[in-house]
Amino acid sequence: MTHGTDGIDSTTYGTFGNGGGRGGEPEPQYILKMFGEVVKTFRKRARLTQEQFAPLVGYSPETVASIEQGRRLPPPDFAERADSVLDAFGVILAAAKHLTRRKGLASWFRQWAQLELTALSLYTYECRLIPGLLQTPAYARTLFTDQLPPLGDEQIEAQLAARLERQQLLRERPNTSFSFILEEHLFLRDLGGEEVTRELLDHILDLAGLRNVNIQIMPLVRHHHAGLDGPMQLLETPDHQWFGYLEGQKYGQFVSDPAVISALQMRCANMRSQALSLDDSKSLMRRMRGAR
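We now turn to the structure provided with this report.

What counts, and at which threshold
Residues numbered from 1 in each chain as written. Predicted model: local features only at pLDDT ≥ 70, side-chain atom pairs only at ≥ 80, totals over all residues. Heavy atoms only, no water. Axes fitted to C-alpha atoms, helices over the stretch in contact; angles between N-to-C directions. Helix = DSSP H or I, 4+ residues; strand = E, 2+ residues; numbered from the N terminus. Parallel < 35°, antiparallel > 145°, perpendicular 65-115°, else oblique. Contact = heavy atoms within 4.5 Å. Nonpolar A, V, L, I, M, F, W, Y, C, P; charged D, E, K, R; others polar. Salt bridge = Lys/Arg side-chain N within 4 Å of Asp/Glu carboxyl O. Buried < 20%, exposed > 50% of the residue type's maximum accessible area, 1.4 Å probe, protein only. Lys, Arg positive; Asp, Glu negative; His and termini not counted. Polar contact = N/O pair within 3.5 Å; in protein donor to acceptor, adjacent residues only side chain to side chain. Pairing = 2+ DSSP bridges. Core = buried A, V, L, I, M, F, W, Y, C linked by side-chain atoms within 4.5 Å. Left-handed = near helix turned anticlockwise from the far one by under 90°.

To continue, consider the packing of helix α3 (residues 50–57) against helix α4 (residues 61–68). Contact geometry for α3 and α4: axes closest at 8 Å, N-to-C directions at 105 degrees. Comparing the axis directions of α3 and α4 gives the class roughly perpendicular. Of the residues in α4, those touching α3 at Gln50, Glu51, Phe53, Ala54 and Val57 are Pro61, Val64, Ala65 and Glu68. Among the residues forming the contact of α3 with α4, the class breakdown is six nonpolar, one polar and two charged.

Given below as C-alpha cells:
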C-alpha cells in the first residue's frame, strides 16, 4: 500500500509521497549527490557562500543546501542559472542531464516532480489521509511505523526527513497557489491518537494562514459529491498546461490526456463549491481542535 505517493514510484523512491512506500528502502541517491558536489565545488571556486549564491540563482539558501547535499531534485532552470552564475564551462548543465536517467526512477514521477517545482497552481483532493505537504512529523511517523510490510528504523527516519524536506515547497514558492480539499473524516479518525490530531489541526490552521495556501473541508454529510472516484492532484505549469496525478493502492498514474484533465478539472471545481468555504473550514477545524 502506498499511503499516498504524490507522484512517485515508492518501490524505489518512496520518500516524497504522503505515506511510507511499499517497504522498499530508498535507493542511494548517488547521482543527486554527485550533481550536488559539482555545484558545491564550483560555488566554492567562486568564493560564494550558500547565502550569497542563493539569490543569484533565484532560490532560497535552504533549497541550495538541499541540492548540494543530494536531498532533492534541482528545479528545471537551476542548472542553467548555476552554470551561468558560477561560470562553470557547461559542467553543471552536463551533470544535470544525468538526473533524469537515474535507474529505478519512474518516468511518470520524473515528470511530476519536475513540474511541481515550478508549478503555478497545485490542486489536491484527499479522502484517505492528510496529504504529505500538510503532515506533521508525528502524523507522518505514524504512517511510516504502521506501514506493511514493516519498515526498518533507518528507512523510517530517511522517509520522514524527505517528507519534511518536500514540505518546504509551501513556503519556498509563495507565488504558487496550493489548494487542498480534505474530507472531514480524516481528522475524526484520530490517526496516531488525540494529541497527534490536535497538533495536526494546529499545524494545518497555521498553514491555512499563508496567502498561497487554501484549505477546504468536505463535510462528513454531503448529499452530492463530485470526488467519489477517489483522490486526485492537478497541476498548472508556467505556460498554462495542465497535468494530473491519480493514485491507487500500489501504483500512481501521471495524466496528460486533455479529455481526462478536463474531467478532473470539472470534478475539482464542483468539489470546491460543495466543500465548506475557507472561513467555515477554519472554523470547523478550530471546533475539532477544541473538542480534543
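Moving on from the model shown.
Quick look at the pattern of salt bridges now. For the structure on display, the rule yields 12 salt bridges. Glu68 is paired through a salt bridge with Arg43; the nearest N and O atoms lie 2.6 Å apart. Taken as a pair, Glu68 in helix α4 and Arg43 in helix α2 (residues 30–45) lie far apart in primary sequence, 25 residues in all. No difference in accessibility class separates Glu68 from Arg43, as the two residues are buried.

Along the chain, Glu236 turns up in strand β4 (residues 232–236). The side chain of Glu236 is buried and forms no salt bridge, while Arg272, the nearest opposite charge, is found at 9.4 Å. A distance of 2.9 Å separates the side chain of Glu236 from the side chain of His240, its partner in a polar contact. When near neighbours in sequence (up to four residues on either side) are disregarded, Glu236 contacts Ala119, Leu120, Ser121, Gln241 and Trp242.

This part is about the pairing of strand β2 (residues 177–183). Extensive coverage of β2 is indicated by the burial of six of its seven residues. Sheet topology places strand β1 (residues 121–126) next to β2; six bridges connect them, and they run parallel. Counterpart to Glu126 in the pairing with β2 is Leu182. Where β2 meets strand β3 (residues 213–218), six bridges bridge the pair, whose relative direction is parallel.

For Met271, the position within the fold is in helix α13 (residues 258–274). Sequence separation between Met271 and Gly227 is 44 residues, and the spatial gap between their C-alpha atoms is 6.8 Å.

A few words on the nonpolar core. Across soluble globular proteins, nonpolar side chains have a tendency to be buried as a group. Formed by 35 residues in total, the largest nonpolar core has its most connected members in Leu182 and Phe187. Once you skip the residues sitting within four places of it in the chain, Leu182 turns out to touch Glu126, Ile130, Pro131, Leu134, Phe187, Ile204, Ile215, Gln216, Ile217 and Met218. Counting residues in each nonpolar core, the second largest holds 22 residues, with Val38, Leu48, Ala82 and Leu86 among its members.

One open sheet holds the six strands; their spatial order is β3-β2-β1-β4-β5-β6, and the pairing between them is mixed. The sheet is open, and its two borders are formed by β3 and β6 (252–255), each paired with just one other strand. Averaged over all pairs of adjacent strands, the angle between their axes in this sheet comes to 10 degrees, without regard to strand direction. Contacts from α13 reach β1, β2, β3, β4, β5 (242–247) and β6 within the one sheet, and its direction differs from that of β4 by about 105 degrees.

One way to put it is that α3 packs onto helix α5 (residues 78–85) with a least axis distance of 9 Å and a crossing angle of 115 degrees. Relative to α5, α3 is oriented so that their crossing is right-handed. Residues Phe53, Leu56 and Val57 of α3 form the contact with α5, whose participating residues are Phe78, Arg81, Ala82 and Val85.

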